[in-house]
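# Geometric and topological summary
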Amino acid sequence: MDTLEQNRQHVLQQIRLAETAAQRIAGSVQLIAVSKTFPASDIRLLYQHGQRAFGENYIQEFQQKQYDLADCPHIEWHIIGHVQSNKTRPVAEHAHWLHTVSSLKTAQRLSQQRPKHLPPLQICMEINISGETAKHGIAPDEMLPLAQAIVALPHLNLRGLMCVASANASDEILRQQFEKMADLLRDLQNIAPQADTLSMGMSGDMAVAIECGANMVRVGSAIFGRRAV
Ligand SMILES: *Cc1c(COP(=O)(O)O)cnc(C)c1O
């Protein structure tokens, strides 16, 4: 078997173990394979083994890969990097999910630019759960007001919340941050009952994230290897 597919199988096994440990339903956590900086050929290889959801951070790289992977029509593209409000069009026109909405202006543009023949763009709001100033995302207390405005937009489907937890934090700190996210999702569900998604957990912290209720994990280096940048 290829190394990449071996890595993916290992990650899927870790996800199953974490689901079991948390008494979660087997298969309830979806793996987003984060392929940023890695070549389209790596994506094609995993696609041939059945992986469908891929995460990309940079819009130009996403567009190039989508062009190169026209032979893989069932890829589900997840944009997980910050998108400036003047760079929304390729996302609206070509992505399936955007995990990082953090302003009404961006959301409005995405809704306007989403082609009418496509299903609504699936979106999550990014929460700056660690409160670090260098991080993107809205503060927890901005979540409900932004959600109220977003649910009125016709071509977006507000599916939930996303975060990047503190790097190199103890399990205890991570657990605090991820549990706060789960609380926020419950608050969100009061106004958006369709919101079912907690996008949290990466190569280093996915087990704790799943323990706290993550149902999408975004895993890059544990599958593709270390990134050069
Ligand atoms: C790069 C990235 C990931 C994947 O990180 P790994 O530590 O390589 O698993 C997940 N989420 C976001 C937002 C990223 O930018």
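What counts, and at which threshold
Residues numbered from 1 in each chain as written. Predicted model: local features only at pLDDT ≥ 70, side-chain atom pairs only at ≥ 80, totals over all residues. Heavy atoms only, no water. Disulfide = S-S within 2.5 Å. Salt bridge = Lys/Arg side-chain N within 4 Å of Asp/Glu carboxyl O. Helix = DSSP H or I, 4+ residues; strand = E, 2+ residues; numbered from the N terminus. Buried < 20%, exposed > 50% of the residue type's maximum accessible area, 1.4 Å probe, protein only. UniProt positions renumbered as here; feature names shortened; annotations may be inferred. Core = buried A, V, L, I, M, F, W, Y, C linked by side-chain atoms within 4.5 Å. Contact = heavy atoms within 4.5 Å. Near = heavy atom within 4 Å. Areas by Shrake-Rupley, 256 points an atom, 1.4 Å probe, with all protein chains shown as cover. Polar contact = N/O pair within 3.5 Å; in protein donor to acceptor, adjacent residues only side chain to side chain.

Quick look at the state of the cysteines now. Counted under the stated rule, the structure contains zero disulfides. There is no disulfide at C163, and the cysteine sulfur nearest it, in C212, is 9.8 Å away.

Moving on: the pattern of salt bridges. Applying the stated criterion to the full structure yields 10 salt bridges. Close ionic contact of R44 with D71 constitutes a salt bridge, the shortest N to O distance being 2.8 Å. Remark: D71 occurs in the loop between helix 3 (59-68) and strand 3 (76-79) and R44 occurs in helix 2 (residues 40-48); sequence separation between them is 27 residues. The class for R44 is partly exposed, based on a relative accessible area of 24%. Across the pair E211 and R175 runs a salt bridge whose closest N-O atoms are separated by 2.7 Å. Of this pair, E211 sits in helix 8 (residues 206-211) while R175 sits in helix 7 (residues 171-191); the two residues are 36 residues apart in sequence, bridging distant segments of the chain. When its relative accessible area of 27% is taken as the criterion, R175 is described as partly exposed.

Within this numbering scheme, the UniProt entry marks residues 21-226 as carrying the feature "domain: Alanine racemase N-terminal" (unreviewed entry). The distance separating the terminal C-alpha atoms of residues 21-226 is 28 Å; by composition the span is 36% helix and 18% strand.

Attention shifts here to the nonpolar core. Among the nonpolar cores identified, the biggest contains 66 residues, and L161 and L188 are the most heavily contacted of them. Residue contributions to this core peak at seven residues, all from helix 7. Setting aside residues up to four positions removed in sequence, L188 forms contacts with M125, M143, L144, A147, L158, G160, L161 and A195. Formed by six residues, the second largest nonpolar core is a distinct cluster that contains A53, W97, C124 and M162.

Moving on, we get to unusual backbone geometry. A positive phi angle, close to 75°, is found at T37, a residue other than glycine. Relative to the assigned elements, T37 resides in the loop between strand 1 (30-34) and helix 2. Unusually for a residue other than glycine, N168 sits at a positive phi of about 55°. If you trace the backbone, N168 turns up in the loop between strand 6 (156-162) and helix 7.

Glancing now at the site of the ligand. Neighbouring the ligand are 13 residues, the closest being K36, N57, S203, G220 and S221. Calculation on the ligand without its partners gives an accessible area of 390 Å², and the protein chains cover 88% of this total.

Let us look at the UniProt feature "modified residue: N6-(pyridoxal phosphate)lysine" (unreviewed entry) in the protein. Per the UniProt annotation, the sites labelled "modified residue: N6-(pyridoxal phosphate)lysine" (unreviewed entry) are K36. Secondary-structure assignment places K36 in the loop between strand 1 and helix 2. Take K36: its relative accessible area is 14%, and that puts it in the buried class. For K36, the contacting residues outside a window of four places in its chain are G55, E56, N57, Y58, E61, K65 and R227.

Our focus in this paragraph is the environment of T106. For T106, the location among the structural elements is in helix 5 (residues 104-113). With a relative accessible area of 8%, T106 lands in the buried category. Residues T106 and R218, 112 residues apart in the sequence, show an inter-C-alpha distance of 22 Å. In this structure, T106 is in contact with V83, S85 and T88, ignoring residues within four places of it in sequence.

Now for the side chain of T197. Counting through the fold element by element, T197 comes out in strand 7 (residues 197-199). Of the polar contacts made by the side chain of T197, one reaches the side chain of D196; its length is 2.8 Å. Leave out the neighbours within four places in its chain, and T197 touches W97, C124, R159, G160, L161, L185, N215 and M216.

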